[in-house]
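Structural features, examined
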Amino acid sequence: MLRRTGLDLCVEDVVIAPPQPGEILVRIAATGICQSDVSVIRGKVPIELPLIPGHEAAGTVEQIGGGGGGRIAAGDRVALSWAPNCAHCFYCKRDHPTLCSVYNTAAATGTLWNGTSRLGSAGSIRHYSCISSFAEYAVVPEAACVRLPDAVPFTVGALVGCAVTTGFGAVVYDAGAQPGDSIAVFGIGGVGINALEAARLSRAGTIVAVDIDPDKQVAATAAGANIFIDARDSDAVDRIRAATNGRGVDHAIECTGQASAMQLAYAVTRPAGTLVVVGITASGTDITIPASGFPGSKKRIIGSIYGGGQPATDFGRIFALYEDGLLDLDRQIGAILPLTAINDAVRITEKGAAGRIMIRP
């Protein structure tokens, strides 16, 4: 439970109401700690409290609201999408499900789709992204549930629920990477490592990993990077351009949420190239780019949420890559801790853990 930003989470018992029609009660088997959760806990993102964070999760369906009869059944293993979409609103009909008006209204107010909460006495506790997975159980919209194949561990299912899909889609959908393209990924964390994997699977030519932690080089190379650059080096821009015949990269994927990294990524994007911004900044943060020459550069700057694809189908595509041995997600899993160690998990993540920290409630 997050009762006040900047302080440790509280581990306590709360009442959880049964799922209503269109909702599902899931017993959480694994939930990852994402930098987005850290941003909320540390107060970078304004949000109503008290709240139970957590949005990257997988588990088993315990109960179907309204008696069932839908596409999900009790006992199903599921991965959870933190951006379930209604399929009927303006954005859903225009093939932008992650911009769903119904979901975004609920997420902004800390509720489920009907504007109420299932958490705490009389719904006194807010949901996070319609999930709130830092708990033993979560009531979620049915649309948030994607069946998890028996061969895919819950930890991997949880990872696909956010980090993998976000990084994968940023390269495949938002950047539209093609074989032979040059791609630079800024920030080799949970999302960035999967952007590198997607670049490799897209058969990109030059794949550059950029980070301020030299210890990330081993993981970046294993994920497909053939060049590693410390973002603090004074010649970082020159070295990236030198690797691309002086032009700059076709696609820059920014995953840190730091304005300085976004500006660096813009600087190394070639004319007519694409900068995809994934990282979440603190509220009120601005970035500055040169206005002079921008029209003639034909550069594109794209905001990326959940990779810009269709999570309900993207999960299945990624599970298939994992089962076929083309995407090794097991190596991305770091320490697995109990719920009682949630604050340790948050601090480890905040410091830049090499692997995804998982909680098993």
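Structure first, text after, so check above.
First, a word on scope: everything that follows refers to the structure included in this document. This structure is a prediction, so every number in the text was calculated from the model and none was measured.

**Some remarks on the pairing of strand E1 (residues 23-32)**
In terms of burial, E1 is largely enclosed, as nine of its ten residues are buried. Relative to strand E6 (residues 137-141), E1 runs antiparallel, the two being bridged by five bridges. Opposite Val26, over in E6, you have Ala138 as the bridge partner. Where E1 and strand E3 (residues 56-64) come together, eight bridges link them in antiparallel fashion. Its bridge partner being in E3, Ile24 is matched across the sheet by Ile64.

**Quick notes on the sheet that holds strand E10 (residues 227-230)**
Whether parallel or antiparallel, the strands of a sheet pair through hydrogen bonds between backbone atoms. Sheet architecture is open: six strands sit in the order E10-E9-E8-E11-E12-E13, paired in parallel fashion. Strands with a single pairing partner mark the edges of an open sheet, and in this sheet they are E10 and strand E13 (300-303). Each strand of the sheet is rotated relative to its neighbour by a mean of 20°, with strand direction disregarded. Packed onto the sheet, helix H5 (residues 190-201) meets strand E8 (183-186), strand E9 (207-211) and strand E11 (249-254) and runs at close to 170° relative to E9. The strands that helix H8 (residues 259-267) touches are E8, E11, strand E12 (269-277) and E13; relative to E12, the one it contacts most, it runs at about 150°.

**A look at empty space enclosed by the protein**
In total, this model carries one cavity of 30 Å³ or more according to the counting rule given. Put simply, the largest cavity is a space of about 30 Å³. Forming the boundary of the largest cavity are Ile47, Glu48, Leu51, Ala107, Ala108, Thr109, Gly110 and Arg126. Looking at which element gives the most residues to the lining of the largest cavity, the answer is helix H3 (residues 101-109), with three residues. Counted by class, the lining of the largest cavity contains four nonpolar, two polar and two charged residues.

**Comments concerning the packing of aromatic side chains**
With the rule as written, the count across this model stands at five aromatic pairs. Between Trp82 and Tyr306, the aromatic rings sit 4.2 Å apart at their centres with planes inclined by 10°, giving stacked as the arrangement. Separated by 224 residues along the polypeptide, Trp82 in the loop between strand E4 (77-80) and helix H2 (90-93) and Tyr306 in the loop between E13 and helix H10 (311-323) bring together distant segments of the chain. Residues Trp82 and Tyr306 agree in their burial class; the two are buried. Between the aromatic rings of Tyr306 and Phe315, the centroid separation amounts to 6.4 Å while the plane-to-plane angle is 70°, which identifies the pairing as edge-to-face. With respect to class, Tyr306 is no different from Phe315; both count as buried. The lysine or arginine in question, Arg94, covers the ring of Phe90, its NZ or CZ lying 3.8 Å from the ring centre. Sitting above the plane of the Tyr266 ring, Lys299 keeps its charged end 4.0 Å from the centroid.

**So, unusual backbone geometry**
With omega at 0°, the peptide bond leading from Leu49 into Pro50 counts as cis. Summarising the element assignment, Pro50 is placed in the loop between helix H1 (35-41) and strand E2 (51-52). Unusually for a residue other than glycine, Ala122 sits at a positive phi of about 55°. Examined against the element boundaries, Ala122 turns out to sit in the loop between H3 and strand E5 (126-127). For Tyr306, which is not a glycine, the phi torsion comes out positive at approximately 55°. Residue classification places Tyr306 among the buried positions, given a relative accessible area of 1%.

**Things to note about the layout of surface pockets**
Roughly 330 Å³ of internal volume is contained in the second largest pocket. If you go around the second largest pocket, you meet 16 residues; those closest to its centre are Glu12, Val14, Ala135, Glu136 and Leu339. Of the residues in the lining of the second largest pocket, the class split is 13 nonpolar, no polar and three charged.

**Observations concerning the environment of Ala158**
Mapped onto the secondary structure, Ala158 falls in helix H4 (residues 154-174). Along the primary structure Ala158 and Leu148 are separated by ten residues, whereas in three dimensions their C-alpha atoms are 9.8 Å apart. Beyond its immediate sequence surroundings of up to four residues, Ala158 is in contact with Ala30, Thr31, Gly32, Glu56, Ala57, Ala58 and Met358.

**With respect to a nonpolar patch on the surface**
Where nonpolar side chains cluster on the molecular surface, the patch consists of Phe90, Tyr91, Leu99 and Ile305 and spans about 340 Å² of accessible area. Within the fold, Phe90 resides in helix H2.

**Here's the deal with the packing of H4 against H10**
Two numbers describe how H4 lies on H10: the axes approach to 10 Å, and their chain directions differ by 100°. Here H10 runs roughly perpendicular to H4, going by the angle between their axes. Judged by residue contacts, Val156, Gly157, Val160, Gly161, Val164, Thr165, Phe168, Val172 and Tyr173 of H4 engage Asp314, Phe315, Arg317, Ile318, Phe319, Leu321 and Tyr322 from H10. For the contact of H4 with H10, the per-class residue count stands at eleven nonpolar, three polar and two charged.

**A short note on the state of the cysteines**
What the rule picks out here adds up to zero disulfides. Of all cysteine sulfurs in the structure, the one in Cys162 sits closest to Cys34, which takes part in no disulfide; the separation is 4.0 Å. With relative accessibility at 5%, the residue Cys34 sits in the buried group. The cysteine Cys89 is free of any disulfide, with Cys92 supplying the nearest cysteine sulfur at 3.6 Å.

**Looking at the nonpolar core**
Ranked by size, the top nonpolar core spans 76 residues in total, and within it Leu80, Leu196, Ile253 and Leu329 carry the most contacts. Here this core takes eleven residues from H4, the largest share from any one element. Contacts of Leu80, omitting those with residues within four sequence positions, involve Val26, Ile28, His55, Ala57, Ile131, Val140, Ala144, Cys145, Gly161, Tyr306 and Phe315. In terms of nonpolar packing, the next biggest core, distinct from the first, is built from 19 residues, Ile33, Val40, Ile342 and Ile359 among them.

Cut-off values and rules
- Residues numbered from 1 in each chain as written.
- Predicted model: local features only at pLDDT ≥ 70, side-chain atom pairs only at ≥ 80, totals over all residues.
- Heavy atoms only, no water.
- Buried < 20%, exposed > 50% of the residue type's maximum accessible area, 1.4 Å probe, protein only.
- Helix = DSSP H or I, 4+ residues; strand = E, 2+ residues; numbered from the N terminus.
- Pairing = 2+ DSSP bridges.
- Axes fitted to C-alpha atoms, helices over the stretch in contact; angles between N-to-C directions.
- Contact = heavy atoms within 4.5 Å.
- 1 Å grid on protein atoms, 1.4 Å probe; cavity = no way out; pocket = protein on both sides within 12 Å on 5 of 7 lines; lining within 4 Å.
- Points joined across faces, edges and corners; volume = space filled by probe spheres on them.
- Nonpolar A, V, L, I, M, F, W, Y, C, P; charged D, E, K, R; others polar.
- Phe/Tyr/Trp six-rings, centres within 6.5 Å; stacked < 30°, edge-to-face > 60°.
- Lys NZ or Arg CZ within 6 Å of the ring centre and 35° of its normal.
- Patch = residues over 30% accessible without salt bridge, like charges linked within 9 Å, V, L, I, M, F, W, Y side chains within 5 Å.
- Areas by Shrake-Rupley, 256 points an atom, 1.4 Å probe, with all protein chains shown as cover.
- Salt bridge = Lys/Arg side-chain N within 4 Å of Asp/Glu carboxyl O.
- Parallel < 35°, antiparallel > 145°, perpendicular 65-115°, else oblique.
- Disulfide = S-S within 2.5 Å.
- Core = buried A, V, L, I, M, F, W, Y, C linked by side-chain atoms within 4.5 Å.

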